[in-house]
Amino acid sequence: MKPRLTHIALHLINFDACIDFYKTYCQLNIIHQRDSGTKRIIWMAEEGRDTDFIFVMMSGGQNRAQDNNDYGHLGFALDSKAAVDDIAAKARKANCLVWEPREEPYPVAYYCGLKDPDGTFVEFSYGQPLGPGAEKVRFNLE
């Protein structure tokens, strides 16, 4: 079997606020949680993908806030430009929008960016060749 990406794991400072952020904006559900006595651990996933790809969140993080021109991020696909605009409007009101909705050339397409309570950027996009319902495209790797 060749390697397959199954999860991403981050230590969080603002644990409960981050959990609420990912429930609210990304519609992730808690599928597992435990407390080891020194560390809280939560697994979150999209509905229907709980064994496909998970986001592991662990307490005990350190400050890693990004500058607004740092494009390191987590990416989530949405089903329309209107959905991107809706997320951006909600985030603007909550003062966590860092990249206004914008259109860029293929394969980037239409997106906006939010900042979670720990400072990690989260992109919401429409029209990229990734995610559910997207036409699968083979990239020329040469």
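Scroll up to find the structure.
The rules behind these values
- By convention here, each chain's residues receive numbers from 1 onward along its written sequence.
- Since the coordinates come from a predicted model, pLDDT governs what is reported: local features require at least 70, and pairs of side-chain atoms require 80 or more to be given and counted, while whole-chain, interface and lining totals use all residues.
- Just so you know, side-chain values use all the structure's heavy atoms and leave hydrogens and water out.
- By the criteria applied, helices consist of DSSP H or I runs no shorter than four residues and strands consist of E runs no shorter than two, each listed in order from the N terminus.
- For every residue, the accessible area (1.4 Å probe, protein chains only) is compared with the maximum for its type, and the residue is labelled buried under 20%, exposed over 50%, or partly exposed between those bounds.
- Polar contacts here mean pairs of N or O atoms no more than 3.5 Å apart (in protein, one a potential hydrogen donor and the other a potential acceptor; neighbouring residues in sequence count only if both atoms are side-chain atoms).
- Two strands are counted as paired when DSSP detects at least two bridges linking them.
- Between the N-to-C directions of two axes lies an angle of 0 to 180 degrees, each axis being a line fitted to C-alpha atoms and, for a helix, fitted only over the stretch in contact.
- The criterion used for residue contact is that any of the two residues' heavy atoms lie within 4.5 Å.
- We count a salt bridge whenever a side-chain nitrogen from Lys or Arg sits within 4 Å of a carboxyl oxygen from Asp or Glu.
- Residue types Ala, Val, Leu, Ile, Met, Phe, Trp, Tyr and Cys, when buried and joined through side-chain atoms within 4.5 Å, form a set referred to as a nonpolar core.
- Each pair of aromatic rings taken from Phe, Tyr and Trp, with Trp reduced to its six-membered ring, is defined by centres within 6.5 Å and is described as stacked if the planes are under 30 degrees apart, edge-to-face if over 60, and tilted in the remaining cases.
- The criterion is that NZ of a Lys, or CZ of an Arg, lies within 6 Å of the ring centre and within 35 degrees of the ring normal, and then a charge sits over that ring.

(A) Region of the structure containing the side chain of S59. With respect to the helices and strands, the residue S59 is situated in strand β4 (residues 54-59). When its relative accessible area of 15% is taken as the criterion, S59 is described as buried. In terms of polar contacts, S59 uses its side chain to reach the backbone amide nitrogen of R40, at 2.8 Å.

(B) Inspection of the sheet that holds strand β7 (residues 109-115) at higher detail. Reading across the sheet, the four strands line up as β5-β8-β7-β6 and stay open at both edges, with mixed pairing between neighbours. The open sheet is flanked by β5 (74-77) and β6 (97-104), the only strands paired with a single partner. For this sheet, the mean inter-axis angle between neighbouring strands, taken without regard to orientation, is 20°. In terms of strand pairing, β7 meets strand β8 (residues 121-126) through six bridges, oriented antiparallel. Paired with G113 across the bridge in β8 is E123. Against the sheet, helix α2 (residues 81-93) makes contact with β6, β7 and β8, and its axis sits at roughly 20° relative to β7, the strand it touches most.

(C) Region of the structure containing the pattern of salt bridges. Under the definition given, this model contains six salt bridges. Among the ionic pairs, R49 bridges to E46, the shortest N-O distance being 3.0 Å. For R49, the salt bridge goes to D52, with nearest N and O atoms at 3.0 Å. Residue R49 is classed as partly exposed on the basis of its relative accessible area, which comes to 31%. By sharing partners, the salt bridges in this structure join R4, E46, R49 and D52 into a single network.

(D) Local environment of the nonpolar core. Ranked by internal contacts, the top residues of the largest apolar core, which has 27 residues, are Y22, Y25, C26, M57, C112, L114 and F124. Counting only elements with at least two residues in this core, the list comes to β1 (7-12), α1 (15-24), β3 (40-45), β4, β5, α2, β7 and β8. A total of five residues in this core trace back to one element, the largest contributor, which is α1. Counting five residues, the second-largest nonpolar core is a separate cluster that includes I41, A45, I54 and M58.

(E) Fine view of the environment of A77. Note on placement: A77 falls in strand β5. Along the backbone, A77 and L130 are 53 residues apart, and their C-alpha atoms lie at a distance of 7.2 Å.

(F) View of the packing of aromatic side chains. Summed over the entire model, instances satisfying the criterion amount to six aromatic pairs. Considering the side-chain rings of F21 and Y22, the 5.0 Å spacing of their centres and the 75° angle between planes classify their relative orientation as edge-to-face. Assigned by exposure class, F21 and Y22 land together as buried. Cluster of aromatic residues (ring-pair linked, three or more members): F21, Y22, Y25 and F55. Seen from the ring of Y110, K81 lies directly overhead, with NZ or CZ sitting 5.3 Å from the centre. One residue, K90, lies across the ring of Y25, its end atom 5.6 Å from the ring centre.

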